[in-house]
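Structural overview for review
In case you want the letters, here they are:
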Amino acid sequence: MATLLQRLGLAAAKRAWLVIVVWVVVLAGVGAGFALFGGTLASTFSISGTPAQNVADQLQASLPDADRGTGQVVFSTSDGSKFTADQQTDIVDALTAAGDTSGVSSTINPFQTEADRQAQQTKLTDAAAQITTATAQLDAGQAQLDQAKAQLTAAGANAPAGAADQLASQRATLDQNKADLATQQTQLTDGQRLLNASAKIQTVSTDGSTAVATVVFDKSTADVTPDDKQAAVDAINATSIPGVDVNYSSTMTSITVGVSAGEIVGVLIAAIVLFVMLGSLIAAGLPLLSSFVGVGVGALGVLAFSSVVSMSSATVTLGLMLGLAVGIDYSLFILNRHRRQLRAGVPVRESIGLANGTSGNAVLFAGITVIIALAALNVTGIGFLGLMGTAGAVCVGIAVLVALTLTPALMSLAGVRVLPKKERAALGAQKHASVAEHTPEHVETKARKEGTLATRHPIIILAAGVIALLIVAIPALSMRLALPDGTSQPSDSTAYKSYSQIDHAFGAGLNGAIIVVANLPTTSDAAALTGLEANVADKLLAVNNVVAAAPAGASADNRTVIFQVIPSDGPSAESTEQVVTDLRSLSSSLDNQLGVTIGVTGLTAINIDISAKLAGILPIYLIIVLGLSILIMILVFRSIAVPLIATAGFLLTVLATFGAVTAVYQWGWLGSVFGIHDPGPILSFLPILLIGIIFGLAMDYQLFITSGMREAHVHGMEARKAVNAGLRSARPVVVAAGIIMVSVFGGFVFGDLVEARTIGFGLAVGVLIDAFIVRLLLIPAAMHLLGEKAWWLPRWLDKITPDVDVEGAKLERFDEPASTGDTSTDRPPALVDA
């Protein structure tokens, strides 16, 4: 493979402009594909097969309209006063305008809904008064009949003829009236029970200052387009409503993937690091340009399929993050090797080929490792998570292709200008000295004279590092998982404001409504149906932490009834999770007592099920990744100890990263720094993503550092000296690459997308810990203590393990021309030669 990559690098260098044109055409092609075929990004997640999703699918079959997309619009007076009549009229006009837009089926007027509720209560109150009056009248009639009966008994034989029959008829009429009144009383009681159960499902707050309207779209939630949402929002905003603030729920806002100020700052920091390290604007710009092309092709290519594959904004953002970060790093690794060889006097094209065959080989293997880790997310069986992994793998794969083709082409055009001006001027005079500095003898002498912090005090470094990381990991013991709700949105966003206003005016539970689908037996009439609904509502209301429950729709045959259940707390609260569990447990008792079975669904229940499934698959995925880590490291380094050490380091990194994420996002530590105004559970798919991505990146750094150690040891250097030599050789580029990745990932922490902020923080912390603590300190310390044992491999395993030659050791070394006396490389190559 090293030889093939060397030839690829030479070919790219020779036909540099052709390679550049090809990549520009590819970039333009995927851009056109996105423009022509790109769709919309989903704002919700789903997993087929979960209990809530199964109920939702069944509900869609029996009640198709129940699956229509909805959005909430929150109106509130600016001064907290009660809505005036004019303001209510303006709000109704705004909703009417929204209802007339394309894509909207109807709107629900909150004031009319509340008026209907009050009218229903008034009707029930009047009916109760009428029943009370009728009851008094019937009691009076009963008393008269009792008196007449007594008189008839006293008269005996003197009683008028037919008086007894008349009295019996009057009593029968009275009994029928009592029975009818009892039926009315039961119906009245059932109606009042239902009204009481729904008392806290309000659309206008008690003080009259906040109202929640609902926009009902004519498509399912997944099919509502951004244009449909924006048209409704524009119609409402176009209506002047003096003294009223208007905010929209997240389901009314469209998701866009853009570039935030934080991301720009992250790239600028990366550019500064590159310039400081490389000392040349051309050299610093080369990895950036390569990564921009790669991430452009990858991200636009993924977005081009958004019309046929439902994907979330997090899917695209993950591809952007990884494509940008690894694109810079992979190009940097190849460029760094090329610059070292130029300093040694190697001609430009020959150096490009050697760099592509050596460092490029390591980049290829590192990229494959990351791709495998991301593609392995598909084994979880969770569709959206597998799609995220696939999109990330595609972006990483393109970054590798760009690094192995476009980077050599750009290096060819740049020629020796990838070196600082002073180095170019002194290149010829320093050539032989530079070669000598790269000989194994010189490296060994330097390694013998100078140790590193990790190898001078290995026991102290190892013990202190492990203890420190375990302490950082402690918060992970209390980590809770959930999908984001309105509290995780930026504090100045309309989604956060609407969520907070509903929480303040109506209670947190209204933001986390749960849908219960009840399958009822056949009822004889409307009164029996009302009674059965009231009984079910009472049972639902009796569940702990449920504050309201009421019917919200029914099928044509009244056999399927939807109940809206309001918990006491928000959608991500532990008590709400327990409510969903308790409601599902209630089904069996309802079946025994009433012949009713229930299922639980709705966005809150679906999100809870997704989080539970992700938490369950997490240990399995971690075991898969750990096993994969050991196998890959055995293949690369032909050792038992090195894979075990590398895997243990990866595990420490993951645990410490989980702890840091929990402390900041769930506990709220340093929340003001990272813009966390409402600490809460951790993004449910973040841990499994971090495991996969950090594994790939950790193996990258392990590969670049340890391969240098192995190379020195293979060339005869004593094991402990080889640790120092390999570490000193790789440390500058690993430090720069680590800073670049932390900067790029960290830039997303201050972006607008909720998922991007938490993913960016987790990856930035993970790279920071893994690169600077685990790979540069703990791994070298452990390998120094092991000495020669670090490279032990059983003979039987050595025989069956293929030699992948990641270091490209079989290629001709770049110092060979000097040793053979070849004078053809005495002059620096001209730019035209490149």
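Residues numbered from 1 in each chain as written. Predicted model: local features only at pLDDT ≥ 70, side-chain atom pairs only at ≥ 80, totals over all residues. Heavy atoms only, no water.

**Concerning the overall build of the chain**
Of regular secondary structure, the chain possesses 27 helices and ten strands. Each principal axis of the C-alpha atoms in the chain carries an extent, and together these give about 150 × 55 × 40 Å. Counting across all 834 residues of the chain, residues that qualify as buried make up 52%. For the chain, long-range pairs separated by at least 24 residues make up 83% of all intrachain contacts whose partners lie at least 6 apart in sequence. Carbon and sulfur atoms provide 60% of the accessible area of the chain, an area that totals close to 35000 Å². (Helix = DSSP H or I, 4+ residues; strand = E, 2+ residues; numbered from the N terminus. Buried < 20%, exposed > 50% of the residue type's maximum accessible area, 1.4 Å probe, protein only. Contact = heavy atoms within 4.5 Å. Areas by Shrake-Rupley, 256 points an atom, 1.4 Å probe, with all protein chains shown as cover.)

**Section: the side chain of S76**
Position of S76 among the secondary structure elements: in strand β1 (residues 68-77). Polar side-chain contacts of S76 include one of 3.3 Å to the side chain of Q501. Setting aside chain neighbours within four positions, we find S76 in contact with F83, S209, T210, G243, V244, D245 and Q501. (Polar contact = N/O pair within 3.5 Å; in protein donor to acceptor, adjacent residues only side chain to side chain.)

**Some remarks on the packing of aromatic side chains**
Centre-to-centre distance and the angle between the planes together describe a pair of aromatic rings. Taken as a whole and assessed by the stated rule, the structure comprises eight aromatic pairs. Ring centres of F83 and F111 lie 5.4 Å apart, and the angle between their planes is 85 degrees; on these two criteria the pair is classed as edge-to-face. Remark: F111 occurs in helix α5 (residues 110-155) and F83 occurs in the loop between β1 and α4 (85-99); sequence separation between them is 28 residues. For the pair F83 and F111, one class covers both residues: buried. Measuring from ring centre to ring centre gives 3.7 Å for F333 and F704, while their planes differ by 35 degrees; the resulting arrangement is tilted. Of this pair, F333 sits in helix α10 (residues 313-343) while F704 sits in helix α23 (residues 686-714), and the two are 371 residues apart along the sequence. Summarising the burial analysis for this pair, F333 and F704 share the class buried. (Phe/Tyr/Trp six-rings, centres within 6.5 Å; stacked < 30°, edge-to-face > 60°.)

**As for the nonpolar core**
The nonpolar side chains of a soluble globular protein tend to be buried, and buried together. Grouped together as the largest cluster of nonpolar side chains are 181 residues, with contacts concentrated most on Y330, L385, L540, F650, F685, F745 and I759. Formed by 23 residues, the second largest nonpolar core is a distinct cluster that contains V73, F217, I241 and M252. (Core = buried A, V, L, I, M, F, W, Y, C linked by side-chain atoms within 4.5 Å.)

**Let's talk about the sheet that holds strand β4 (residues 244-248)**
Taken together, the four strands give an open sheet; going across it, the order is β2-β3-β1-β4, and neighbouring strands pair in antiparallel fashion. Either end of the sheet is taken by a strand with one partner, and the two such strands are β2 (104-108) and β4. This sheet shows a mean twist of 20 degrees between the axes of neighbouring strands, independent of strand direction. Contacts from α4 reach β1, β2, β3 (210-220) and β4, with the element oriented near 165 degrees to β2. (Pairing = 2+ DSSP bridges. Axes fitted to C-alpha atoms, helices over the stretch in contact; angles between N-to-C directions.)

**Quick look at a nonpolar patch on the surface**
Side chains of I272, F275, V276 and L281 sit close together on the surface and give an oily, nonpolar patch of about 450 Å² of accessible area. Element by element, the count of residues in the nonpolar patch is highest for helix α8 (residues 261-278), at three residues. Structurally, I272 can be placed in helix α8. By relative accessible area, which is 55% here, I272 ends up exposed. (Patch = residues over 30% accessible without salt bridge, like charges linked within 9 Å, V, L, I, M, F, W, Y side chains within 5 Å. Salt bridge = Lys/Arg side-chain N within 4 Å of Asp/Glu carboxyl O.)

**Some words on the pattern of salt bridges**
For the structure on display, the rule yields nine salt bridges. K219 is paired through a salt bridge with D218; the nearest N and O atoms lie 3.5 Å apart. Relative accessible area serves as the criterion here: at 29%, K219 is assigned to the partly exposed category. In this structure, the salt-bridge partner of R775 is D770, at a minimum N-O distance of 2.9 Å.

**Points about the sheet that holds strand β9 (residues 597-601)**
An order of β7-β8-β6-β9 is seen for the four strands of this open sheet, with the pairing classed as antiparallel. In this open sheet, the two edge strands, each paired with only one partner strand, are β7 (546-554) and β9. Taken over all neighbouring pairs, the strand axes of this sheet differ in orientation by 25 degrees on average, direction set aside. Where helix α20 (residues 574-594) meets the sheet, it contacts β6 (514-519), β7, β8 (560-567) and β9, and its direction lies at approximately 165 degrees from that of β9.

**Describing helix α2 (residues 16-37)**
With 22 residues, α2 extends 31 Å between its outermost C-alpha atoms, agreeing within 8% with the 32 Å of an ideal straight helix rising 1.5 Å per residue. What α2 keeps buried is the set A16, V19, I20, W23, V30 and G33. Projection of α2 onto a plane perpendicular to its axis shows the buried side chains occupying an angular sector of 150 degrees, all on one side. Exposed residues pointing more than 90 degrees away from the buried face of α2 are listed as W17, L18, V25, A35 and L36. On its buried face, α2 is in contact with α1 (2-14), α9 (281-303) and α12 (383-414). (Expected span 1.5 Å × (residues − 1). Arc of directions from axis to C-beta.)

**Here's the deal with the packing of α4 against helix α7 (residues 226-237)**
Look at α4 against α7: their axes get within 8 Å of each other, and the N-to-C directions meet at 150 degrees. Here α4 is positioned roughly antiparallel relative to α7, judged by the angle of their axes. The handedness of the crossing between α4 and α7 is right-handed. Judged by residue contacts, A94, A97 and A98 of α4 engage A232, A235 and I236 from α7. (Parallel < 35°, antiparallel > 145°, perpendicular 65-115°, else oblique. Left-handed = near helix turned anticlockwise from the far one by under 90°.)

**Considering the environment of C395**
As for its position among the elements, C395 is in helix α12. Look at C395 and you get buried, because its relative accessible area is 2%. Distance in space between the C-alpha atoms of C395 and L320 is 7.6 Å, their sequence separation being 75 residues. Excluding its chain neighbours within four sequence positions, the residues that come into contact with C395 are G298, A299, V302, G319 and G323.

**Regarding unusual backbone geometry**
We note that N558 has phi near 60 degrees; this positive angle belongs to a residue other than glycine. In this structure N558 comes out as partly exposed when scored by relative accessible area, which is 31%.

**Here we look at the confidence of the model for the chain**
This prediction gives the chain a mean pLDDT of 84; 91% of its residues lie at or above 70. Considering each helix and strand of the chain separately, the mean pLDDT is smallest for helix α27 (residues 816-820), with a value of 40, and largest for helix α17 (residues 458-473), with 96. For residues 431-449, every residue scores under 50 in pLDDT, and the model assigns this stretch 27 contacts once sequence neighbours within four places are set aside. (pLDDT = per-residue confidence, 0-100.)

**Considerations on the packing of helix α22 (residues 641-666) against helix α25 (residues 754-786)**
The interhelical angle for the contact between α22 and α25, taken along N-to-C directions, is 145 degrees, at an axis separation of 8 Å. The element α22 and its partner α25 pack so that their crossing is right-handed. The class makeup of the residues in the contact of α22 with α25 is 20 nonpolar, six polar and three charged. (Nonpolar A, V, L, I, M, F, W, Y, C, P; charged D, E, K, R; others polar.)

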